[in-house]
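If you want the building blocks of each chain, they are given just below.
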Amino acid sequence: MSLRDVEVRARKTEAIIALAIILATSPIIIGFSLIILSSFSKSMVTNFDPSSFHLTLENWINLLQGKSAAVGGLKENILKYTLNTAVVALGVSLVVTLVGTMSGYAISRMNFRYRKHFLLLILLLHAFPGSVLIVGVYFIYRLMSPIAMGSITTFSFFYVIIARASLEIPMAVWLMKGFFDLIPWEVEWAALIDGASRLTVWRKVMLPLVKPGIAAILLFGFLAGWQDLIYVRTFLAEKTLATFIEYNLGTLEFAEMPLVAAAATLYLLPTIIFFITSQQLLLKVSLAGLKR
Amino acid sequence: MERLKAISKYVVIGIVAMLIIIAAVAIFLMQAPPAGPTKVELTGNFEKDVVEVGKALEANGISEVTYSVWAAGDPNSVMRVLGIVEATNRINKIWSDNNINVKIRIDTRFEREFMPLFEEYLSKQPTGQASDFLANSYIYISTLAEEGYILDITDYVSKYSELVNDFYPTIFESVKWKDRIYALPQDTEARPLYFRKDVAACAGLDLTSLADKVKNGEFTWSGIYNWAKQAKEAGCADWGVIHRKGSAHPDLIQFIYAFGGKLYNPDTGKLVIDKEAIYKWLYVEWKMARDGLIPENMMEWDWGKQIHPTVTGGKTLVFIGGTWHWTEYQTRSYYTDPTTGEPRALTAEEVKEFFYYTLFPAGESGKDPVTLSQPFVWTINSRAGEKNPNYDTLKELYHELAFLILVKASDPDINAIHSIISAHLPVRKAAAQLIADENWVNKLKNLEVDLSDEVKDQIRDIVAATVNPINTEFLANVSYMLDYTHIAPIHPLYPKLADIFKDAVDMVLRNQKDPAAAVQYIIDTVNADPDLAAEVEIIGEIPSEWSYP
Amino acid sequence: MKYKLKDFLRNKKYEYLIFILPALILIIIFYILPVALSVYISFTPLKNWNLDKYLGTIVGFRNYERFFHMLQYDPIIRNVFLTTIAFIGITLVINVLGGLLLALATYFVSQKFSSVFRTLWLLPRMAPIAVYSLVWYYFFHGSDIGTLNSFLMYLGLIKKPISWGYDIIPWGPWSIIIFVNGLVGVSFGMIIFTSAISNIPKELVIAARVDGASNWQISTKIFIPLMKWHILYVTTWQLLSLLTTYAHIFLLVQWGLVSKQYGTTWSLYIYQVAFTGRTDQGLAAAAGVILVIVGGILGYITLRILGFERMITKPRGDI
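Everything numeric here is computed off the predicted structure, so don't read it as measured data.

Caption draft 1: Seen up close, helix α3 (residues 78-109) of chain A. Between its first and last C-alpha, α3(A) extends 46 Å over 32 residues, near the 46 Å set by a 1.5 Å rise per residue. Counting buried positions along α3(A) gives 23 out of 32 residues, so the element sits mostly inside the fold.

Okay, here's the thing in structure tokens:
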């Protein structure tokens, strides 16, 4: 809702405010657009010099063929990297959703003895520096890895997924708690009176009622896994789009910049799709998910 | 309904139990005691050794062995990885010719930057995620050896003395640490000073026999200053000297040697800060930047968008480059065509027409010209072969096979092909002979050489772009530089010191510190870290009466 | 045995355990254990990840001594420290104010317009970090190929390209990392404040409007006073975030866009020491433990100020 619905004043101030908002947002718009544009150009379009834009599809062709340089280099399997990124993202999404829906429900609906302590713990997680954690997380990985000798790659995927998902626990818990808070108590009461266990009530009654919340958390979890760079570069036995871009930009001496821009655009695709299709969802989330 | 539930419950339990039993049996079987020999005595006869190893593997029930190789470098240096692939293809052929039913498979990975790859190797080796072979700079051998991450192959190498004798002696020193051998050389290079012939001609500078004048110490960095100034004042070039960005190692370290300085004390094994030589080096950079001959923000220039276009576009008189740039400029589009305005690669003829090359001149008269080599070497993971069956019992076999792969990857033709297509220098004399052999080079151009198809496909486009007489002539012409070459110290903390040098260079270029203050900054920063300070000796004094040019 | 388990699960008192178990397990494995391990590692000379070789040795407080020694004498570490303080201080103000301004501004314009732009402001937070860093790498590049430079030169405001990441020490690199992180952080406040404003009864606003109040007056006299708690919440939450964040500037430093000493915050420095350069995990752990202590203290103060009770409503309670 906005004031516009009941506005009684002139439109002029509104236009000025709108202009200010556009101006403030312009770096974001310009920045991202230039990268997308450059992926279709022979050389990077980074300034407003129209002559630097030479339209071509060769960056995309090269990228999908797996070349990281016009001449030389080894062919890399971009589709595999995309798949790897998707696997991590999906895994994180599922784990985060599971944890969020379960913990969020408990905090929202159950007055258990350690509730406050649990919430305090989750709040405090926010103060843990990721870069400190990661040394310890490596240590644990090292301790656990002998189990996985046969399939190091699979184990590394598994580990990255649960490690990255745990970074999203605070967000997940708060989000789902917000959605659960909105459900009237009566619905649950009725089911519990009938003798169902909490688990059944959760599964059969509550979850269907928080579908928007679940959709939101699945999406946020997916995006969190999709965007990850640090955990993937530290633990994953294979490359994802993130590490592909990082390594190819490492020495700019040999970086085929427009090709990297194409990889970046490819990598950005799910985010863009999400944005275009989920305006409604975001609205619901921002209204519901943030009630304390 | 209840009955059905109960039955299905037991069925599930039964299936789970069976699965557990099957898994246990499988694990048990995997640890089966060796059926064949677990080790082969190497004799130095390659075919015999590799056949014995193959037979031993076969006797132990192994039919496929998988190794992985990581390497980094410019896009033309793919042979750092494909050399291993080719080696295994040759071994597979020997085995099939001898009716041995074993095959080697290689997983490859090729990145651009070698330092991040090394850092990744460090964190992944203990978790078993690192590659079995690593082609990287020799400077990391000390760290890798100290931590036990790479194999000590001294005993294996001792059987292959013929191979060892064919490597250039200075190059072979780079694979040793504390008198043990940890790698085989893969390639090396030199760092010539490139002069733009057209800029020199425009400014009236005579390049005839300059290379000799540099060689005998007649033409020094004072000469460079004067020439650069002349070129700039005559409007023939925007800059006098362009050099690398982002780090002082390895190109800029040449200044220290060119001024007769030391970086390493072999008696104490410590790094050395030679105040006088470093002062003079920083002074040269500082003075040239103040007079507009070197860009103040040189250390931040973009390779692809600024450094190489400036060099190929003739906007500088001198470029402190490497031998590999000769072919790099033929495969990358740094040059803007003056007629069409489109970016493109140079032709070999153009590269020859544009560039004159010499050693890195002496800093001042009385000193010697230098060049710097940074050999790349192949190391073997101390856990090589771990992903293969029965590693615990057959460890020795897998390690021996890995070593034999390295021996094969050092074949003269593999080394020669790598040198030509990437403009590095060969590490063994037999390879140098091939490069000088015109017939062989012509066959290479048409890919009529003895390479497996897989490798041929991967290098087809590079070969087409780089193999020609002009390039091989260049390689032959620069090999004399190996007689004047230095190698940066093999010390675990050397990279840290080089990093500090880089900051000092950046500061003097931007006039944030004058040379004397910058030298003091280096010393202060070193002393701020007690561990580093303990490994560094400081010698010499900043000269009070020294002028440049 | 099955009988007892079922009973245990049915017991209402323990039902909650099942629900919070996944979260608890993950928290223990990926937060509590790693911190404990980091503390242990800080007392060992661990480097090059050689756990086998170094982990058994205890060197007491040597890593801490080294760190403090470097803090005193190594100009680089001192600059990292200064950078951290400047970064946190300024970005915090931007994040809170920016979020507030955006929330207020979008309230006064049309719904469709504001939802589009609010979504755009989520892009920095949601975009993959590698892509996001690439965008600013080229935007702030110090040569004439940089977007900002070329724009300013086009307008005639500067003659030569400015090397933002290196030339103007320290505000050049500081501005870049503040800007890059600020864009990400603003969205958090924006969401919270928007939600808070939407909960304010419309009647208040209409009444004020009818009385002739301007946008500014409505904002400052009605909205902001009613959002005091939210503002405090965003401020303290963002403070903790900024203390611990490092992913969004990691690549900018790695790719050399900004000078290392003025582009690295404490949090990033820990990662750098552990994984790159000196790969000295013992030292990194020591610096990290100190950061954890600082974070813990700040976190505790946060909770006292915000009133923990107020943050946790009773189940099914109202705001």
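Caption draft 2: Structural detail: the state of the cysteines. Residues and elements named next belong to chain B. By the definition in use, this model includes 1 disulfide over all chains. The disulfide that involves Cys 202 links it to Cys 236, with 1.9 Å between the sulfurs. On the S-S bond that ties Cys 202 to Cys 236, the torsion sits near -75°, and the link is left-handed. Taken as a pair, Cys 202 in helix α9 (residues 197-202) and Cys 236 in the loop between α11 (221-233) and β8 (239-242) lie far apart in primary sequence, 34 residues in all.

Caption draft 3: Representation of the interface of chain A and chain C within the structure. In this complex, chain A contributes 112 residues to the contact, which on the side of chain C involves 108 residues. Across the chain A to chain C interface the summed buried area is about 10800 Å²; carbon plus sulfur atoms make up 76%. Run the count over chain A and chain C and you get 1 salt bridge. Here Arg142(A) and Asp52(C) are joined by a salt bridge, their closest N and O atoms 3.3 Å apart. Seen at the junction of chain A and chain C, the total is 12 residue pairs in polar contact (both at pLDDT 80 or more). The element contributing the most residues to the side of chain A that touches chain C is helix α1 (residues 12-38) of chain A, with 16 residues.

Caption draft 4: Highlighting the nonpolar core. Core analysis: the biggest nonpolar cluster contains 403 residues, and Trp221(B) and Met288(B) have the highest contact counts within it. If sequence neighbours within four positions are ignored, Trp221(B) has contacts with Leu193(B), Val241(B), Phe255(B), Val284(B), Met288(B), Ile320(B), Phe360(B), Pro361(B), Ala362(B), Gly363(B) and Tyr548(B).

Caption draft 5: The arrangement of the environment of Glu203(C) in detail. With respect to the helices and strands, the residue Glu203(C) is situated in helix α10 (residues 202-210). Through-space distance from the C-alpha of Glu203(C) to that of Leu306(C) is 28 Å; in sequence the pair is 103 residues apart.

Caption draft 6: Layout of the sheet that holds strand β18 (residues 536-539) of chain B. The strand order β9-β10-β18 (chain B) describes an open sheet built from 3 strands, whose pairing is mixed. With partners counted over all chains shown, the strands left at the sheet margins are β9 (264-265) and β18 of chain B, one partner each.

Caption draft 7: Broad picture of the interface of chain C and chain B. Taken residue by residue, the interface counts 32 residues in chain C and 27 residues in chain B. Summed over both partners, the interface of chain C with chain B buries about 2300 Å², with 45% contributed by carbon and sulfur atoms. Ranking the residues of chain C by area buried against chain B places Asn48(C), Trp49(C) and Arg278(C) at the top, with a combined share of 20%. Ionic pairing is found between Asp531(B) and Arg66(C), a salt bridge with its closest N-O pair at 3.0 Å. On the surface where chain C and chain B come into contact, there are 9 residue pairs in polar contact (both at pLDDT 80 or more).

Caption draft 8: Layout of the environment of Leu123(A). All names here are of chain A. Tracing the backbone shows Leu 123 in helix α4 (residues 115-125). Residue classification places Leu 123 among the buried residues on the basis of a relative accessible area of 4%. Along the chain, Leu 123 and Thr 271 lie 148 residues apart, while their C-alpha atoms are 27 Å from each other.

Caption draft 9: Fine view of the pairing of strand β7 (residues 193-196) of chain B. All names here are of chain B. Here β7 shows no split at all, with Leu 193 and Phe 195 on one side and Tyr 194 and Arg 196 on the other all buried. Here β7 pairs with strand β14 (residues 355-358) via 4 bridges, running antiparallel. From the neighbouring strand, Leu 193 faces β14, where its bridge partner is Thr 358.

Caption draft 10: Up close: the confidence of the model for chain C. All names here are of chain C. When the pLDDT values of chain C are averaged, the result is 84; 92% of them are 70 or greater. The secondary structure element of chain C with the lowest average pLDDT is helix α1 (residues 2-10), at 58, and the one with the highest is helix α15 (residues 266-275), at 92. Overall, residues 314-319 carries pLDDT values under 50, and its contacts beyond four positions in sequence, including any with other chains, amount to 13 contacts.

Caption draft 11: Layout of the packing of aromatic side chains. Residues and elements named next belong to chain B. This structure, assessed with the given rule, holds 82 aromatic pairs over all chains. Both rings, one in Tyr 156 and one in Phe 403, keep their centres 5.3 Å apart while their planes meet at 35°; by these two values the pair is tilted. In this pair, Tyr 156 sits in helix α6 (residues 154-158) while Phe 403 sits in helix α17 (residues 391-409), placing the two residues 247 residues apart along the sequence. Of note, Lys 215 hangs over the ring of Tyr 480, and the distance from its end group to the ring centre comes to 4.8 Å.

Caption draft 12: Main features of the side chain of Thr44(C). Checked against the element boundaries, Thr44(C) lands in the loop between α2 (15-41) and α3 (51-54). In contact with Thr44(C), other than residues within four places in its own chain, are Tyr54(C), Leu55(C), Thr57(C), Ile58(C), Val59(C), Asn63(C) and Gly282(C).

Caption draft 13: Inspection of the pattern of salt bridges at higher detail. This model, assessed by the stated rule, comprises 48 salt bridges over all chains. For Glu76(A), the salt bridge identified is with Lys239(A), shortest N-O distance 3.0 Å. In this pair, Glu76(A) is assigned in the loop between α2 (58-65) and α3 and Lys239(A) in the loop between α11 (230-235) and α12 (241-250), connecting sequence segments 163 residues apart. Note that Arg80(B) and Asp187(B) form a salt bridge whose closest N and O atoms lie 3.0 Å from each other. Placement of the pair is Arg80(B) in helix α3 (residues 79-97) and Asp187(B) in strand β6 (residues 183-187), with a sequence separation of 107 residues.

Caption draft 14: Region of the structure containing α10(C). All names here are of chain C. For α10, the set of buried residues is Val 205, Ala 208 and Arg 209. What you see down the axis of α10 is that its buried residues fit within an arc of 100°, all on one side. Opposite the buried face of α10, at more than 90 degrees from it, the exposed residues are Glu 203 and Val 210. Against α5 (75-107) and α11 (215-226) lie the buried residues of α10. Looking at the residues trailing α10, positive phi occurs at Gly 212, about 95°.

Caption draft 15: Highlighting the packing of helix α8 (residues 185-193) of chain A against helix α9 (residues 198-209) of chain A. All names here are of chain A. The contact between α8 and α9 brings their axes to 10 Å, and the two run at 145°. Taken as a pair, α8 and α9 cross one another with a handedness that is right-handed. Contacts between α8 and α9 involve Trp 185, Val 187, Glu 188, Ala 191 and Leu 192 from the former and Arg 198, Val 201, Val 205, Met 206 and Leu 209 from the latter. In terms of residue class, the contact of α8 with α9 is built from 8 nonpolar, no polar and 2 charged.

Caption draft 16: Examining the sheet that holds strand β2 (residues 103-111) of chain B more closely. All names here are of chain B. Strand order across the open sheet formed by 5 strands is β2-β1-β3-β16-β6, with mixed pairing between neighbours. The sheet is open, and its two edges are formed by β2 and β6, each paired on a single side. Averaged over all neighbouring strand pairs, the angle between strand axes comes to 25°, with direction disregarded. Relative to strand β3 (residues 133-137), strand β1 (residues 64-72) runs parallel, the two sharing 3 bridges. Among the inter-strand pairings, Trp 70 is bridged to a residue of β3, identified as Leu 134. Along the sheet, α3 contacts β1, β2, β3, β6 and β16 (376-380); its crossing angle with β2, the most-contacted strand, is approximately 175°.

How each quantity is defined
- Residues numbered from 1 in each chain as written.
- Chains lettered and ligands numbered in written order.
- Predicted model: local features only at pLDDT ≥ 70, side-chain atom pairs only at ≥ 80, totals over all residues.
- Heavy atoms only, no water.
- Helix = DSSP H or I, 4+ residues; strand = E, 2+ residues; numbered from the N terminus.
- Expected span 1.5 Å × (residues − 1).
- Buried < 20%, exposed > 50% of the residue type's maximum accessible area, 1.4 Å probe, protein only.
- Disulfide = S-S within 2.5 Å.
- Contact = heavy atoms within 4.5 Å.
- Buried area = accessible area lost by both parts, 1.4 Å probe.
- Salt bridge = Lys/Arg side-chain N within 4 Å of Asp/Glu carboxyl O.
- Polar contact = N/O pair within 3.5 Å; in protein donor to acceptor, adjacent residues only side chain to side chain.
- Core = buried A, V, L, I, M, F, W, Y, C linked by side-chain atoms within 4.5 Å.
- Pairing = 2+ DSSP bridges.
- pLDDT = per-residue confidence, 0-100.
- Phe/Tyr/Trp six-rings, centres within 6.5 Å; stacked < 30°, edge-to-face > 60°.
- Lys NZ or Arg CZ within 6 Å of the ring centre and 35° of its normal.
- Arc of directions from axis to C-beta.
- Axes fitted to C-alpha atoms, helices over the stretch in contact; angles between N-to-C directions.
- Left-handed = near helix turned anticlockwise from the far one by under 90°.
- Nonpolar A, V, L, I, M, F, W, Y, C, P; charged D, E, K, R; others polar.

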